[in-house]
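Commentary on secondary and tertiary structure
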Amino acid sequence: MLSIRNLRHGITALSPTVLLSLIVNNEYHCTEIFRHHIRVSSSQRPVCEFMNSSLTNLYMPIVVFGMWDGLNRQMHSLSTPGRAILVQARDPAKLSMEIEKAIDDHRFNDAWKLFEQHSHMEGLPRKSIVNKLLASFAESFDVCWLEKAHGLVEQAIVESKQKLLEKEPLIYLSFSLAKCGLSIPASTIIRRLIEMELYPPVTAWSAIVGHMSQTAPGAYLAAELILEIGYLFQDGRVDPRKKSNAPLIAMKPNTTSVNIALAGCLLFGKTRKAEQLLDMMPHISIKVNATLLITVAHIYERNGRREELKKLKRHVDEAYSLSDIQFRQFYTCLLTCHLKFGDLESASNMVLKMLQKAKEARNSLAAATLLIRDKSKSSTGQFSQESLNLRYGLEKNRSTGVCMISYEEFSKDRNFLKLEAEAKELLGSLLGKLQNQVELITTDHGVLLPTEKIYVKLVKAYLESGKTKDLVAFLIKAEKEDSPASNDDSVLVHVINACISLGWLDQAHDLLDEMRLAGVTTSSSVYASLLKSYCKASRAGEAASLLRDARRAGFQLDSSCYNALIESRVLQNDTHGALNLFKEAKDAKIHRASHQQFEMLVKGCSEGGEAGLMTKLLREIEDGQTLDSGVHVWNNVIHFFCRKKLMQDAERALKKMRSLGHAPNAQTFHSMVTGYAAVGGKYVEVTELWGEMKALAATTSMNFDQELLDSVLYTFVRGGFFVRAIEVVDMMEKENMFIDKYKYRTLFLKYHKTLHKGKAPKFQTEAQLRKREAALSFKKWVGLQ
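Note that the structure is predicted; figures quoted are calculated from it, not measured. (Residues numbered from 1 in each chain as written. Predicted model: local features only at pLDDT ≥ 70, side-chain atom pairs only at ≥ 80, totals over all residues. Heavy atoms only, no water.)

In this section: the overall build of the protein chain. Across its full length, the protein chain carries 39 helices and 5 strands. Restricting to contacts in the protein chain with at least 6 residues of sequence separation, those with at least 24 account for 69%. (Helix = DSSP H or I, 4+ residues; strand = E, 2+ residues; numbered from the N terminus. Contact = heavy atoms within 4.5 Å.)

What follows is the structure in structure tokens.
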């Protein structure tokens, strides 16, 4: 044992090396040294200051005890006149054993404290301990421990100790994070795995993407992740014949993973991001199955790609494995797209064809055969909702992903078959949510039928466009295929009364005239309702004209109509006309309340109860916004030019669009921005668009969504326009939009790694200073400072 009992005034300086050799020896003993006699030769600081700096940096734990109170102890102290300090170092190997035992006993608090001690003393523990800690924290399914596990992964990467991390524990951790709704760290770990060339197979990461797609930010990240992975395989960049590429080939996106991301984007309105995935699919040879075909149709409909949807129709009609639910979804998409473009003729013809086929099915022996076939296919899981659930392994009352796979079970499944099955379950869940949004078409024993919702939308579109004659012609044809129960319950009658309720008396009168000219008879109750409305609006001339029409049609109006007419004449001081009407009613012996039943029906529709056709029409007209079909037409033109990189033509189309009075929307600007980005170097043009967008946001109610702002931000960061980039970030954060910081950190490092790294120049203009400050602010925002 080495000890120094006293160091007198003769010794005034001591080097750090000698001091460490005195204090730290093979037996972990300490020695008694008086602070006021010793100075560190290198800095002339008191030894306690040296201990607090140098020894701490050497990862040696320092424990402070009380006053020295005895001699001849096995452990010596470093004493001072006021206090004593005990310097103690623990054996790293023993500490590792304690960490491992704490993990086995599920004492995660103790394990984490011991891990931190080891990190301070020796750095990260050995590989087996790190991965065991990650797997155990992931298996706990606790958000706190999951976040600590993710922090540990980031710490290992920052300290350049990636070799300590293994693929399977990281995949399992990412899966647990995604399942707990922590989409950002889950996607970060997948990205880290790819950076480290520990390529996760698609059978594993498709389940992670499935859980991520249950939330809006996660769905956006899932699409970004697949785009990044797909980029590696575009246009045959990876040679599948090389055995060394096998792990990379196993990571390539498949039909299930792409379909999951597309369905997630659809559910949360990220349809332009979904269209980017569609553009990528042919470049990585994604096989399109029946399910993916319908998902693609939904995306085309949302983005107004009617021509692409028409081309898709041939593939849908030829597909033999589609269920009636999937047929219903596709034709709903096509019908909705016709309405968006204001093509009422095509939409009406679709409805009439459905009614004709339904009538043929009802009136032929084929209906019975169809019914038997429908039942048999439902039992084998082909046509019903239950069959779709079974196809993807979903049970009716089962909530997807409740039970967590243990790490032991996970590690035994080398081919990740359980995760692959879970991915298919998640896809079935997402598709089920999409099916619930189909409202325009239903099916009856496999035959497509229009719902009241499509009638409502068509009627509204016809009325807004002023095509009264075409509306009556369509409704008459529809009623011939599906006759109403009574004249007062026909679609035309409901439409007329809806117009009356809305105060659209001229439209209602026009509809009545067109009905009369077409030879369609209706009851006197419709004339009575419109007549009373004219009287209330003090429109005596129109009321008199309608009265003549009713007489020509052979209708006798009731006493309430005559009372309304008489009251209207009196209010206009037309006493002579009022007396004539009174005599006419008396001579005709008009009975009271002859139309009471009809008026009760109209009142019931207006007040609510079970929502009938008239009620739905009223809601649609009152709540719905007028559709500008020209915007969709011009958006398609601009999108076409931008995809072909014909930006001058796109600019001319945008100018023409504005001159015709069609205001560009977020989709218009998105096409232009992505078009400029594809051409490259058009940052000034994007800046001009950004200025226009800001002006529109300040003066109108136009909203710019996440997809548009993200594309603008990407272009500015790529070009180094950080002043504008900060403006976009501020707008997105103000609207609480999700921003993928990992993507922008990677982009910054790729193109601007050395930007403003040195000292600032002595002489800078105000513009240069502003640019530098913006770049440094952005660098700090993405976490690079």
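This is not the end of the story, as more comes after the structure.
With that settled, consider the packing of aromatic side chains. Scanning the model with the defined rule gives 21 aromatic pairs in all. Between the aromatic rings of Tyr 683 and Phe 721, the centroid separation amounts to 5.6 Å while the plane-to-plane angle is 35°, which identifies the pairing as tilted. With Tyr 683 in helix H35 (residues 683-699) and Phe 721 in the loop between helix H36 (706-719) and helix H37 (722-734), this residue pair connects regions lying 38 residues apart in the sequence. Overall, Phe 721 belongs to the partly exposed group, its relative accessible area being 29%. Here a set of aromatic residues connected by ring pairs shows up, and it is made of Phe 108, Trp 112, Phe 115, Phe 137 and Trp 145. The lysine or arginine in question, Arg 306, covers the ring of Phe 341, its NZ or CZ lying 4.8 Å from the ring centre. Positioned over the ring face of Tyr 751 is Arg 718, at 3.7 Å from the centre of the ring. (Phe/Tyr/Trp six-rings, centres within 6.5 Å; stacked < 30°, edge-to-face > 60°. Buried < 20%, exposed > 50% of the residue type's maximum accessible area, 1.4 Å probe, protein only. Lys NZ or Arg CZ within 6 Å of the ring centre and 35° of its normal.)

With that settled, the discussion passes to empty space enclosed by the protein. Inspection of every chain in the model, using the stated rule, returns 5 cavities of 30 Å³ or more. Along the walls of the largest cavity sit 10 residues, with Thr 291, Ile 294, Gln 329, Leu 431 and Gln 435 positioned nearest its centre. Of all the secondary structure elements, the ones that give two or more residues to the lining of the largest cavity are helix H14 (290-302), helix H16 (324-340) and helix H21 (417-435). A total of 4 residues in the lining of the largest cavity trace back to one element, the largest contributor, which is H14. The residue inventory of the lining of the largest cavity, partitioned by class, reads 4 nonpolar, 6 polar and no charged. (1 Å grid on protein atoms, 1.4 Å probe; cavity = no way out; pocket = protein on both sides within 12 Å on 5 of 7 lines; lining within 4 Å. Points joined across faces, edges and corners; volume = space filled by probe spheres on them. Nonpolar A, V, L, I, M, F, W, Y, C, P; charged D, E, K, R; others polar.)

Here the focus is the confidence of the model for the protein chain. When pLDDT is averaged across the protein chain, the result is 78; 75% of the residues are at 70 or more. Here residues 1-88 is modelled with pLDDT under 50, and outside its nearest four sequence neighbours on either side it reaches 123 contacts, counting other chains as well. Segment residues 592-611 is flagged for pLDDT under 50; beyond a separation of four residues in sequence, or across chains, it makes 26 contacts in the model. (pLDDT = per-residue confidence, 0-100.)

Below, the discussion takes up helix H5 (residues 127-140). Structurally, the α-helix is built with 3.6 residues per turn, so residues lying three or four positions apart point the same way. Along its 14 residues, H5 runs 20 Å from first to last C-alpha, staying within 8% of the 20 Å computed at 1.5 Å per residue. Within H5, the full set of buried residues consists of Ile 129, Val 130, Asn 131, Leu 133, Leu 134, Ala 135, Ser 136, Phe 137 and Ala 138. Contacts made by the buried residues of H5 are with helix H3 (92-104), helix H4 (108-122), helix H6 (143-158), helix H7 (167-179) and helix H20 (407-412). Following H5 by one or two positions, Phe 141 has its phi on the positive side, about 60°. (Expected span 1.5 Å × (residues − 1).)

A few words on the layout of surface pockets. Here the largest pocket is characterised by a volume of approximately 2000 Å³. Of all elements in the fold, only helix H8 (183-195), helix H10 (216-231), helix H13 (271-280), helix H32 (629-643), helix H34 (666-679), H35, H36 and helix H38 (741-751) reach the threshold of two or more residues within the lining of the largest pocket. Of the residues forming the lining of the largest pocket, the biggest block, 8 residues, is contributed by H34. In terms of residue class, the lining of the largest pocket is made up of 18 nonpolar, 13 polar and 19 charged.

Turning to the environment of Gln 764, a few remarks are in order. Looking at the secondary structure, you find Gln 764 in the loop between H38 and helix H39 (766-781). Taking relative accessible area as the criterion, Gln 764 reaches 29% and is therefore assigned partly exposed. Apart from the residues within four sequence positions on either side, Gln 764 is in contact with Leu 769 and Arg 772.

This next bit is on the pairing of strand S4 (residues 441-444). Because side chains alternate across S4, one face comprises the buried residues Ile 441 and Thr 443, and the other comprises Thr 442 and Asp 444, none of which is buried. Pairing of S4 with strand S5 (residues 447-450) involves 4 bridges; the strand directions are antiparallel. Counted as the bridge partner of Thr 443 is Leu 448 from S5. In this antiparallel pair of consecutive strands, S4 and S5, the connection spans 2 residues, and His 445 shows a positive phi of 55°. (Pairing = 2+ DSSP bridges.)

Our focus in this paragraph is the pattern of salt bridges. Enumeration over the complete set of coordinates arrives at 36 salt bridges. With a shortest N-O distance of 3.8 Å, Lys 310 and Glu 307 are connected by a salt bridge. Of the two residues, Lys 310 and Glu 307 are both situated in helix H15 (residues 306-318); the distance of 3 residues between them amounts to about one turn of the helix. We note a salt bridge from Glu 727 to Arg 724, for which the minimum N-O separation is 3.1 Å. Of this pair, Glu 727 and Arg 724 both sit in helix H37, 3 residues apart, which is roughly one turn of the helix. When its relative accessible area of 22% is taken as the criterion, Glu 727 is described as partly exposed. (Salt bridge = Lys/Arg side-chain N within 4 Å of Asp/Glu carboxyl O.)

Two quantities define a packed helix pair, namely the angle between the axes and the distance from one axis to the other. Closest axis-to-axis distance for the helix H26 (residues 524-536)/helix H27 (residues 540-552) pair is 9 Å, and the angle between their directions is 165°. With respect to each other, H26 and H27 are oriented roughly antiparallel. At the point where H26 passes H27, the crossing takes the left-handed sense. Taking contact as the criterion, the partners of Tyr 527, Leu 530, Leu 531, Tyr 534 and Cys 535 in H26 are, on H27, Glu 542, Ala 543, Leu 546, Leu 547, Asp 549 and Ala 550. Looking at side-chain class alone, the contact of H26 with H27 contains 9 nonpolar, no polar and 2 charged residues. (Axes fitted to C-alpha atoms, helices over the stretch in contact; angles between N-to-C directions. Parallel < 35°, antiparallel > 145°, perpendicular 65-115°, else oblique. Left-handed = near helix turned anticlockwise from the far one by under 90°.)

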